[in-house]
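What follows is each chain in one-letter form.
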Amino acid sequence: MINEIINHLEDGIAALQTLLYVDAVQPLLFRLGLMGYDEDTYDALYWVIVGVLQIVVMYALLRPLEALIPAEPWRDRRETRVDVIYTWIAKLGVFNIAFFFLLQPVFDHLQSLMAIHNVPNIELDALWPGVTDQPLASFLIYLVVLDFAGYWYHRWQHRFGVWWELHAVHHSQRQMSLWSDDRNHVLDTVIQAAFFAGLSLFIGVEPGQYVMLTAVGNLLQSVQHVNARLPFGPVLERVLVSPAFHRRHHAIGYGHEGTRYGCNFGVLLPWWDMLFGTASWNATLEPTGIRDQLAPPAGGQRSYGEGWWSQQTYAIARIVERLR
Amino acid sequence: MTHPLSRFANPSLRRRAQVLLLGALMACSGVAAAATRVIVLDSAEAQLTLIDPTTHKVVDTQPTGKEPHHLMITPDRSSLIVANSVSNSLLFIDPRTGQLQRRMEGVDDPYQLGFSPDHRWFVTAALRLNRVDVYRYDGHTMALAKRIPIGKTPSHLNFSSDGKTVFVTLQDSGELAAIDLATQTIAWRMPVGNAPAGLWMTPGDKYLLVGMTGEDDVAVVDWHKRQVVKRIPTGRGAHNFRSLDDGRHVAASNRVSNTISIIDYVALTKTRDITGLLPGPDDMELTADKRYLWVTFRFARHVGVIDMSNYTLVDTIRVGRSPHGIYFADRAPVLGPNPD
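A brief report on the enclosed structure follows. This structure is a prediction, so every number in the text was calculated from the model and none was measured.

Broken down by element type, chain B carries one helix and 28 strands. Relative to its full complement of 340 residues, chain B shows a buried share of 62%. The contacts of chain B with a sequence gap of at least 6 include a subset with a gap of at least 24, amounting to 42%. Accessible surface, chain B as shown: approximately 12,000 Å² in total, 51% of it carbon and sulfur.

Okay, here's the thing in structure tokens:
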């Protein structure tokens, strides 16, 4: 039954992919003399369609929960509007795909040089042929390895001042919702995409699988930010980062505070927080945002920007101020 | 329910029934070996699909490595080599059943592969890495002779009959290159046009036909003089070839027009187009009786069966994403020196 549903869904996506490619994308590539990208573009289109479907599914599943069992009651959803724009840009994988293909030639050249000079190459899924190269096994291996890197990447975002100013765009959201995850500074997104794409190439993740990892990661992170009471229970919340666990990371005075301290940095898996002593299971509901945004005397009522553009430019201004 | 891709093709149910009936009769009479399979590489899914050649049903899938694109029979016909371009490995499988025999690691980005007609050399084109690697072949093992950095995205290979030269299309450089195998050095490079792909040698090593994927023709190259002497209009996205073993014709797939052109390689003209296909016709294979041409539809997740008696698509079979290479043991011979 489930297989049938998946097969029908797959068929539908495949048919849409073919129609879009044959009728719109491929004629354009041909006209522009870019047929060298014929195969890669067709394969990438699959994941763009998956990205759009992901937004549809996310909205259909999570938005009713936010309406029915909100974690925080809001008078309106005004502050979430800008996050919708961030989500469309990010969920389509625009940055990740672009950087993967931009970086790939550089890494391919490096790989070629390594072979010519007999330097061994790393390919994690070749560790145990027949087992680790099975699609699901290699997917899980890469997921865990990339998530471990993601934990440290996230800690460094809070540790280094200039980097924090970029990451503050994400934390300045005071209405955490299903749309919040992708609210990030463009520069931060670029650094992040380069970091993870580079790491993925180094450990041997293939392009299709990389986009799949991104898609799964995005969906789980949207769940983490949802404004709904979704108890994961004591077992599941130690397997996957829950909304309560991640909300604690966004809590003013608890989860993060510039470069000073913080907890619950895990991206998809809370394992690294448990391992390195940064996990907090306290699920008390606290206001989210940055202390600086609060009215005096608690904070300086600093604005981190209302719209997409102001949020982006204010971050640069804060960095300049910090570097002076 | 109407098939979502039905607007691209209209296989006749009657013909399909004929194929199935023929298959059933062959199976009952023991004409076809029970375990022989059509082997299709699903390049975007790291797997190969095994199809029963008589019933046209998918019977199994097997994991390969990442991005298997092309395959090649060994000179002794004991193994079919599947080249996993992103996993940097070769799989040796049973050419009849598709079952794994052994795996060879450490072959960098083997996108395309081939044995020289004298069986002394094994060559791989590393499309991502802009390189051609030449191996010495002793009938059993491959020993790396040289890695040769070359122009952008080397994609398809072919050889001269004497086994002295391997020709390579450079997709993003728009060139054809020749490598001298004895010295493993680039002998020459020449421009041929936008996105050259498949290569096919006419009898007597007279001309090389080049599928121009960025254009709508097959370039005829007098490689002795290093000149494009003619362009045969075929269809947009001309890509790869399969000899039809009739002493006169070769099929060329057109990946944008979604047609297959039949080329008279003596007169160097197109004689007809096969239309009504699914999107992205790519690699082809011909049955031993020359009746059916199998083709992978790269952009439609299907394989097609074309009845060559009336040039009609008679069946389509759903496989994995981006099906590329295709092979079956009971096939018509390939006209040498073209890759076997």
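Let us keep going from here.
This part covers the overall build of chain A. When its secondary structure is counted, chain A shows 12 helices and zero strands. Listing each helix as α and each strand as β along chain A from the N terminus yields α-α-α-α-α-α-α-α-α-α-α-α. Entry remark: accessible area of chain A is about 15,500 Å², with carbon and sulfur atoms responsible for 68%.

Moving on to the sheet that holds strand S24 (residues 281-286) of chain B. Residues and elements named next belong to chain B. Pairing in this open sheet of four strands is antiparallel, and the strands run S24-S25-S26-S27 from one edge to the other. In this open sheet, the two edge strands, each paired with only one partner strand, are S24 and strand S27 (312-318). Neighbour-to-neighbour, the strand axes of this sheet turn through a mean angle of 25°, independent of strand direction. With six bridges connecting them, strand S26 (residues 302-307) and S27 associate as antiparallel partners.

This paragraph deals with empty space enclosed by the protein. All names here are of chain A. Counted under the stated rule, the structure contains six cavities of 30 Å³ or more. As a volume, the largest cavity reaches approximately 860 Å³. Lining the largest cavity are 37 residues; nearest its centre among them are Gln192, Phe196, Asn218, Gln221 and Val267. Of all the elements in the fold, those that place two or more residues in the lining of the largest cavity are helix H3 (81-91), helix H4 (94-116), helix H5 (135-159), helix H6 (161-171), helix H7 (186-203) and helix H8 (207-225). When residues in the lining of the largest cavity are grouped by element, the largest group, eight residues, is from H8.

This part is about the packing of H6(A) against helix H12 (residues 308-323) of chain A. Residues and elements named next belong to chain A. Viewed as axis vectors pointing N to C, H6 and H12 meet at an angle of 160°, and their least axial separation amounts to 9 Å. In this view, H6 runs roughly antiparallel relative to H12, as classed from their interaxial angle. Here the hand of the crossing between H6 and H12 comes out right-handed. Here H6 contributes Gly161, Val162, Trp164, Glu165, Leu166, Ala168 and Val169 to the contact with H12, which in turn contributes Gln311, Ala315, Arg318, Ile319, Arg322 and Leu323.

With that settled, the discussion passes to the pairing of strand S22 (residues 259-264) of chain B. All names here are of chain B. Taken across its six residues, S22 has six buried, putting it largely inside the fold. Burial along S22 is two-sided: the residues Thr259, Ser261 and Ile263 and Ile260, Ile262 and Asp264 are all buried. As judged from the six bridges shared by strand S21 (residues 249-254) and S22, these two strands associate in the antiparallel manner. Opposite Asn254, over in S22, you have Thr259 as the bridge partner. As consecutive antiparallel partners, S21 and S22 are separated by four residues, and within that stretch Asn258 has a phi angle of approximately 60°, a positive value. Taken together, the five bridges between S22 and strand S23 (residues 269-274) define a ladder with antiparallel strand orientation.

The element helix H10 (residues 243-250) of chain A is extensively covered by neighbouring structure, given that seven of its eight residues are classed as buried. Considered for burial, the residues of H10(A) that qualify are Pro243(A), Phe245(A), His246(A), Arg247(A), Arg248(A), His249(A) and His250(A).

On to the environment of Thr312(B), then. Residues and elements named next belong to chain B. Mapped onto the secondary structure, Thr312 falls in strand S27. Sequence separation between Thr312 and Leu277 is 35 residues; the distance between their C-alpha atoms is 8.7 Å. Here the side chain of Thr312 touches Asn310 through a polar contact of 3.0 Å, landing on its backbone oxygen.

For the rest of this paragraph, the subject is the nonpolar core. Grouped together as the largest cluster of nonpolar side chains are 18 residues, with contacts concentrated most on Leu146(A), Phe196(A), Leu213(A) and Leu268(A). Only H5, H6 and H7 of chain A provide two or more residues apiece to this core. A per-element tally of this core places H5(A) first, with seven residues. Core analysis: the next-biggest nonpolar cluster, separate from the first, contains 17 residues, Ile260(B), Met284(B), Leu286(B) and Leu293(B) among them.

Further remarks concern the pattern of salt bridges. Residues and elements named next belong to chain A. One pass over the structure, following the stated rule, counts 31 salt bridges over all chains. One salt bridge connects Arg78 with Glu306, and the closest N-O pair in it is separated by 3.6 Å. On the criterion of sequence distance, the pair formed by Arg78 in the loop between helix H2 (38-68) and H3 and Glu306 in the loop between helix H11 (271-276) and H12 is long-range, its members being 228 residues apart. Given the relative accessible area of 59%, Glu306 is considered exposed.

This part takes up the side chain of Gln173(A). All names here are of chain A. On the secondary structure map, Gln173 appears in the loop between H6 and H7. Classification of Gln173 as buried rests on a relative accessible area of 1%. For Gln173, the residues in contact, after removing those within four places along its chain, are Glu79, Thr80, Asp83, Ser180, Arg183, Thr288 and Gly289.

Here the focus is the environment of Pro233(B). All names here are of chain B. Tracing the sequence through the fold places Pro233 in strand S19 (residues 227-233). For the pair Pro233 and Ala219, spaced 14 residues apart in sequence, the C-alpha to C-alpha distance is 8.7 Å. Among all residues touching Pro233, those that are not within four sequence positions of it are Asp216, Asp217 and Lys270.

Here we take up a nonpolar patch on the surface. Where nonpolar side chains cluster on the molecular surface, the patch consists of Val235(A), Leu236(A), Val239(A), Trp271(A), Met274(A) and Trp281(A) and spans about 530 Å² of accessible area. Checked against the element boundaries, Val239(A) lands in the loop between helix H9 (233-236) and H10.

We now examine the pairing of strand S17 (residues 208-212) of chain B. All names here are of chain B. Burial of S17 is extensive: five of the five residues sit out of reach of the surface. Burial of the side chains of S17 extends over both faces: Leu208, Val210 and Met212 are buried on one face and Leu209 and Gly211 on the other. Pairing geometry for strand S16 (residues 196-201) and S17, over four bridges, is antiparallel. Bridge pairing links Leu199 to Val210 in S17. Connecting S16 to the antiparallel partner S17 that follows it, the hairpin turn spans six residues, and Gly204 within it adopts a positive phi of roughly 75°. Pairing analysis gives four bridges linking S17 to strand S18 (residues 217-222), with the strands arranged antiparallel. When the sheet's bridge partners are listed, Gly211 is paired in S18 with Val218. With antiparallel pairing between neighbouring strands as the criterion, S17 and S18 make up a hairpin whose turn holds four residues.

Conventions we followed
Residues numbered from 1 in each chain as written. Chains lettered and ligands numbered in written order. Predicted model: local features only at pLDDT ≥ 70, side-chain atom pairs only at ≥ 80, totals over all residues. Heavy atoms only, no water. Helix = DSSP H or I, 4+ residues; strand = E, 2+ residues; numbered from the N terminus. Buried < 20%, exposed > 50% of the residue type's maximum accessible area, 1.4 Å probe, protein only. Contact = heavy atoms within 4.5 Å. Areas by Shrake-Rupley, 256 points an atom, 1.4 Å probe, with all protein chains shown as cover. Pairing = 2+ DSSP bridges. Axes fitted to C-alpha atoms, helices over the stretch in contact; angles between N-to-C directions. 1 Å grid on protein atoms, 1.4 Å probe; cavity = no way out; pocket = protein on both sides within 12 Å on 5 of 7 lines; lining within 4 Å. Points joined across faces, edges and corners; volume = space filled by probe spheres on them. Parallel < 35°, antiparallel > 145°, perpendicular 65-115°, else oblique. Left-handed = near helix turned anticlockwise from the far one by under 90°. Polar contact = N/O pair within 3.5 Å; in protein donor to acceptor, adjacent residues only side chain to side chain. Core = buried A, V, L, I, M, F, W, Y, C linked by side-chain atoms within 4.5 Å. Salt bridge = Lys/Arg side-chain N within 4 Å of Asp/Glu carboxyl O. Patch = residues over 30% accessible without salt bridge, like charges linked within 9 Å, V, L, I, M, F, W, Y side chains within 5 Å.

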